[in-house]
Amino acid sequence: MSVKLTRRANIVVLLAAASIALGLIFPSEIPFLYTGLALIAYYYITRYVLLAKSKALNSLAVQRIHKRTTTENSNLEVKIAITNKTALALNLELVDVYPRFFRLKDGSNSLITSVPARGFVELTYYIKPTSIGAHDFGNTELILRDPFSLFFVRRIIERKDEVYVAPSEKEMARGVLVSFASSMYTGGLFSRVKGEGFEFAELREYVYGDPFKSIAWSATARNNKLMVRQNYSENPLNLMIILDCGETMAYGEAGSTKLDYACRAVASLVSYVARRGDFMGITLMRSSRESSVLPLSRGTDHANRIIRELSRIKLGTGPSDLETALKYSLAFGNIKGKTLFFVISDLNSENDLTPLRKLVAMKHEVVVISPYTPLFEAHGLEGVERAIYSINAAYQYKTREKLLRQAMKLEIPVLDVGPEDMFEKIVMRAESLRARGGS
Amino acid sequence: MKFIQKDLFLYYIFASPAALVGIFFSVSLLTNRSSVINSFYMPLIGVALATALEFFILGLISFSLIRRKVSVLSILPILSFFLYMAGYGMQVKMPPLTVAMTMSTVLISTFCALASFKYSRASMLSRQGKVILRRDGPAGYAILNQMLDYAFPLTLVVLLTVTVAWLIGILRQGFTRIPGPLSSLGAEYISTNIGQATFGVLVLGAVLWISKQFVEPLLLNYSLSKSQALDLLLSEDDIYQKMRRKKELKLVSLRGWVLLSLFMLALAIGVTVYLEGLEYTVSSLRSLFTGSSSTTNFDKLIHDGFNSIGESITRFVIQGENLIRILFKILFG
């Protein structure tokens, strides 16, 4: 933390030189000479005063106060509290850098203010997230200047400070509403397959091997022959979502990226699945060894856990590794019985789909949900950014084509989805599995 | 927009004197072009360039005022003042105003412009939204802080300037005590403007250098923590390079001293040859080494040599002063 010079300090030196020059030109104007000398002296004294005051700047206690978690559509209140315990008031320039994918909604994150001696200052501003996931705050910068801003001292406060943005409540409500609507028309967890369950399907004659507990005694008495009661079977599903968190998923306009839409769809699905009593887990696919798994489980608590995990998503540092993600998923995913694997990936990074064959061989069902890049084209982008986005999309299209051909060979269905139909397509696929007997 | 108006208003209040002073000097020159042209034998292209320069300055003033380029705005009063002075042959042709008053106006307006930076920056920082701020603290310290910001540096500046003037006075008296030509040379030199300026800068430089040696380490010791000092040290580009440079510097400095001594010796001989002639110098030098000649010859050489050097220095200084005056005349009229 040293005292830095500005261009304005050079102007004072120039002014001093001008005064001395005038003193030289006009022999009668000797005071100019001393004015010049005084200006040079002022230059140095100001520097020393600022150097002394930098001690007070150094001892300021600075805190950033905010909630750790927020949702997409809500404003986050951030407070910067500066406590000055010294006897020196400081005229400070304060700049607090909020996360890149947040927008300032109210207040200001920077200002020039005087911090009173033995007092405090509290700056409040409100920001709104545009993207889901974990976001880092930047540094808080304090700049102390002399009254004429000739010199300055900068103090940069670096601290690891994150905020987690979960999908909005609207997405969860959408999942719950769709779940409610489905149970009205298709009836809870039931499929057309008969088996264990509570929903009555039909009465039929007893055949050898039917469990005695299924004998309907009143019907037997009415028909004078052994009748059994048959119910529709309850088919809870095992759903494991493998979500690609590679960097290509985050290209585009903030808040409208493939990853954002995928997270929203997963959030809707989680609330849907929680209401339907299905098992659900999530594997966040990143580059090798960076993948993480939340095993299959059910209930609202587990749904909240998944949403919390979504809010902490951080982009992978390189292309995501499907093979490792699958390994982790099978090892730690608590997978028992037939499981429906949704692989949500834009298929834009060089990946090998062959490991998916292993899942098919294990009698699991695999569906690749692929956000189709042109459908997510960022309409908000303009000029060079838009050109870069288009070039990138065109380049990645080749990789995607290659992977689609590979999926076709492996007989793995790939569903192209856009921003609007991602959730619907996932739900339709899950319900079709349920109709076929579930997990 | 309401919330930025206060800072913006204050910015314009503080910045406008500098702009007005700049405009005043430029317009004054532009409107009295004929008298300016008549006072000099200026070629036509020169007149056109000078006019263009004035218009350029006027444009620059407007641009820097509106775009809040405080550094540019602060420099313009000085520049336009010197152009004005150049235009009128180093005179202020406004009856109630003198050079001192005009220069004082330039100084004040420049400092006002420098003070406007704070408000310009504040308005720029808070343009994103209304600042939501809560502040509390005892008001009693405000006077102390105002004193530290304004009164303390100003008092020190006055003290330092008075000290410099006092030291120059002492030096002037000191010259009377030294012998022979040096005293008259010194007294004559220090009574000139250039002498006062040189001595003033030298004395101030010495005072500041001493304060740098004692005050700055003290302040740094007081204001920096150990870890910060370490960070500061480690933030240097390359410590190894720095150390190596330092090591090289030590060797160079030794070699430098030898070279400097040789150079000074050669210079002394050269000056003696120039002043007294080759034959006289050679014989004196020979007598110095062989010891055959009488010492009075060498003493005479030293005495005459110093006398001549003194005279030459005086001549050079006077010539230098004249040269600077001519330079200023050429540059500024």
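**Focus on the overall build of chain A**
What chain A contains, in helices and strands, is 10 helices and 20 strands. In summary, chain A has a C-alpha radius of gyration of 33 Å against a globular reference of 22 Å for 439 residues, an excess of more than 25%. For the C-alpha atoms alone, the extent of chain A along its principal axes is close to 135 × 50 × 35 Å. Within chain A, buried positions represent 56% of all 439 residues. Taking the intrachain contacts of chain A between residues at least 6 apart in sequence as the baseline, contacts between residues at least 24 apart amount to 75%. Summing over all exposed atoms, chain A offers an accessible surface of approximately 19,300 Å²; the carbon and sulfur share of this is 54%. Taking the average place of the 57 positive charges on the side chains of chain A and the average place of its 45 negative ones, the gap between the two points comes to 4 Å.

**Looking at the sheet that holds strand 11 (residues 151-157) of chain A**
With respect to topology, 5 strands assemble into an open sheet ordered 1-11-10-5-7 (chain A), the strand pairing being antiparallel. Among the strands making up the open sheet, the edge pair consists of strand 1 (3-5) and strand 7 (110-115) of chain A. Each neighbouring strand pair of the sheet contributes to a mean axis angle of 30°, computed without reference to strand direction. The pairing of strand 1 of chain A with strand 11 of chain A spans 3 bridges and is classified as antiparallel. Within strand 11 of chain A, the residue paired with Lys 4 of chain A across the bridge is Phe 152 of chain A. Relative to strand 7 of chain A, helix 5 (residues 99-125) of chain B is tilted by about 130°, and along the sheet it contacts strand 5 (90-96), strand 7 and strand 10 (140-145) of chain A.

**Some remarks on the environment of Leu 73 of chain B**
All names here are of chain B. Mapped onto the elements of the fold, Leu 73 is located in helix 4 (residues 70-87). We classify Leu 73 as buried; its relative accessible area is 0%. Those residues in contact with Leu 73 that sit more than four places away from it in its chain are Tyr 11, Ala 15, Ala 18, Ala 19, Ile 61, Ser 64 and Leu 65.

**What about the side chain of Ser 131 of chain A?**
With respect to the element layout, Ser 131 of chain A can be found in the loop between strand 8 (120-129) and strand 9 (133-136). Contacts of Ser 131 of chain A, omitting those with residues within four sequence positions, involve Phe 101, Val 165, Ala 254, Gly 255 and Asp 260 of chain A.

**Structural notes on the interface of chain A and chain B**
Residue-level contacts link 72 residues of chain A with 70 residues of chain B. At the boundary of chain A with chain B, total buried surface from both sides reaches about 6,600 Å², with 71% on carbon and sulfur atoms. Counting across the interface, chain A meets chain B through 4 salt bridges. Of the charged contacts in the structure, one is a salt bridge between Asp 149 of chain B and Lys 53 of chain A, with a shortest N-O distance of 2.7 Å. Along the contact surface separating chain A from chain B lie 13 residue pairs in polar contact (both at pLDDT 80 or more). At the level of elements, helix 1 (7-25), helix 2 (30-58), strand 5, strand 6 (102-107), strand 7 and strand 8 of chain A are the ones that each hand at least two residues to the side of chain A that touches chain B. Among the elements that line the side of chain A that touches chain B, the one with the most residues is helix 2 of chain A, at 22 residues.

**Some thoughts on the domain arrangement of chain A**
All names here are of chain A. Domain annotation for chain A reports domain 1 (4-59), domain 2 (61-166), domain 3 (169-186 + 236-435) and domain 4 (194-232). Inter-centroid distance (C-alpha atoms) of domain 1 to domain 2 is 34 Å. Taken residue by residue, the interface counts 17 residues in domain 1 and 17 residues in domain 2. Roughly 1,800 Å² of surface becomes buried between domain 1 and domain 2 when both sides are summed, with 72% attributable to carbon and sulfur atoms. Contact with domain 2 buries surface across domain 1, with Lys 4, Leu 50 and Leu 57 losing the most and accounting together for 37% of the total. For the pair domain 1 and domain 2, the interface holds 0 salt bridges. If you look at where domain 1 meets domain 2, you find 7 residue pairs in polar contact (both at pLDDT 80 or more). Looking at the side of domain 1 that touches domain 2, the elements with two or more residues in it are strand 1, helix 1 and helix 2. Looking at the side of domain 1 that touches domain 2, the element that brings in the most residues is helix 2, giving 10 residues. Its residues placed into classes, the side of domain 1 that touches domain 2 shows 8 nonpolar, 5 polar and 4 charged.

**Examining unusual backbone geometry**
Residue and element names in this part refer to chain A. Located in the positive-phi region is Ser 149, a residue other than glycine, with phi close to 55°. Inspection of the secondary structure puts Ser 149 in the loop between strand 10 and strand 11. The phi dihedral of Asn 334 falls on the positive side, at around 55°, and the residue is not glycine. Relative to the helices and strands, Asn 334 is located in the loop between helix 7 (322-332) and strand 18 (340-344).

**Some remarks on the pattern of salt bridges**
Residue and element names in this part refer to chain A. All told, the structure shown has 17 salt bridges over all chains when counted by the stated rule. Here Glu 162 and Lys 160 are joined by a salt bridge, their closest N and O atoms 3.9 Å apart. Judged by its relative accessible area of 16%, Glu 162 falls in the buried class. Linked through salt bridges whose partners overlap, the residues forming this network are Arg 64, Arg 68, Asp 96 and Asp 161.

**Some thoughts on the nonpolar core**
Among the nonpolar cores identified, the biggest contains 85 residues, and Ile 127 and Leu 142 of chain A together with Phe 111 of chain B are the most heavily contacted of them. Per-element accounting of this core gives the leading share, 16 residues, to helix 2 of chain A. Structurally, this core is a two-domain feature, drawing no fewer than three residues from each of domain 1 (4-59) and domain 2 (61-166) of chain A. Apart from residues lying up to four places away in sequence, Ile 127 of chain A is in contact with Ser 74, Asn 75, Leu 76, Val 78, Tyr 98, Pro 99, Phe 102, Arg 103, Leu 104, Lys 105 and Phe 137 of chain A. Residues Ile 132, Ala 166, Ile 282 and Phe 376 of chain A belong to the second largest nonpolar core, which totals 43 residues.

**Focus: the pairing of strand 12 (residues 162-166) of chain A**
All names here are of chain A. The element strand 12 is largely enclosed, with a buried count of 5 among its 5 residues. Residues Glu 162, Tyr 164 and Ala 166 point to one face of strand 12 and Val 163 and Val 165 to the other, with burial holding for every one of them. For strand 3 (residues 69-71) and strand 12, the ladder comprises 3 bridges, and the chain directions are parallel. Residue pairing for strand 12: Thr 70 is matched across the bridge by Val 165. Examined bridge by bridge, strand 9 and strand 12 share 4 bridges and lie antiparallel to one another. Residue pairing for strand 12: His 135 is matched across the bridge by Val 163.

Thresholds, definitions, all that
- Residues numbered from 1 in each chain as written.
- Chains lettered and ligands numbered in written order.
- Predicted model: local features only at pLDDT ≥ 70, side-chain atom pairs only at ≥ 80, totals over all residues.
- Heavy atoms only, no water.
- Helix = DSSP H or I, 4+ residues; strand = E, 2+ residues; numbered from the N terminus.
- Rg over C-alpha atoms; globule rule 2.2 N^0.38 Å.
- Buried < 20%, exposed > 50% of the residue type's maximum accessible area, 1.4 Å probe, protein only.
- Contact = heavy atoms within 4.5 Å.
- Areas by Shrake-Rupley, 256 points an atom, 1.4 Å probe, with all protein chains shown as cover.
- Lys, Arg positive; Asp, Glu negative; His and termini not counted.
- Charge placed at Lys NZ, Arg CZ, Asp CG, Glu CD.
- Pairing = 2+ DSSP bridges.
- Axes fitted to C-alpha atoms, helices over the stretch in contact; angles between N-to-C directions.
- Buried area = accessible area lost by both parts, 1.4 Å probe.
- Salt bridge = Lys/Arg side-chain N within 4 Å of Asp/Glu carboxyl O.
- Polar contact = N/O pair within 3.5 Å; in protein donor to acceptor, adjacent residues only side chain to side chain.
- Domains from an automatic or database assignment.
- Nonpolar A, V, L, I, M, F, W, Y, C, P; charged D, E, K, R; others polar.
- Core = buried A, V, L, I, M, F, W, Y, C linked by side-chain atoms within 4.5 Å.

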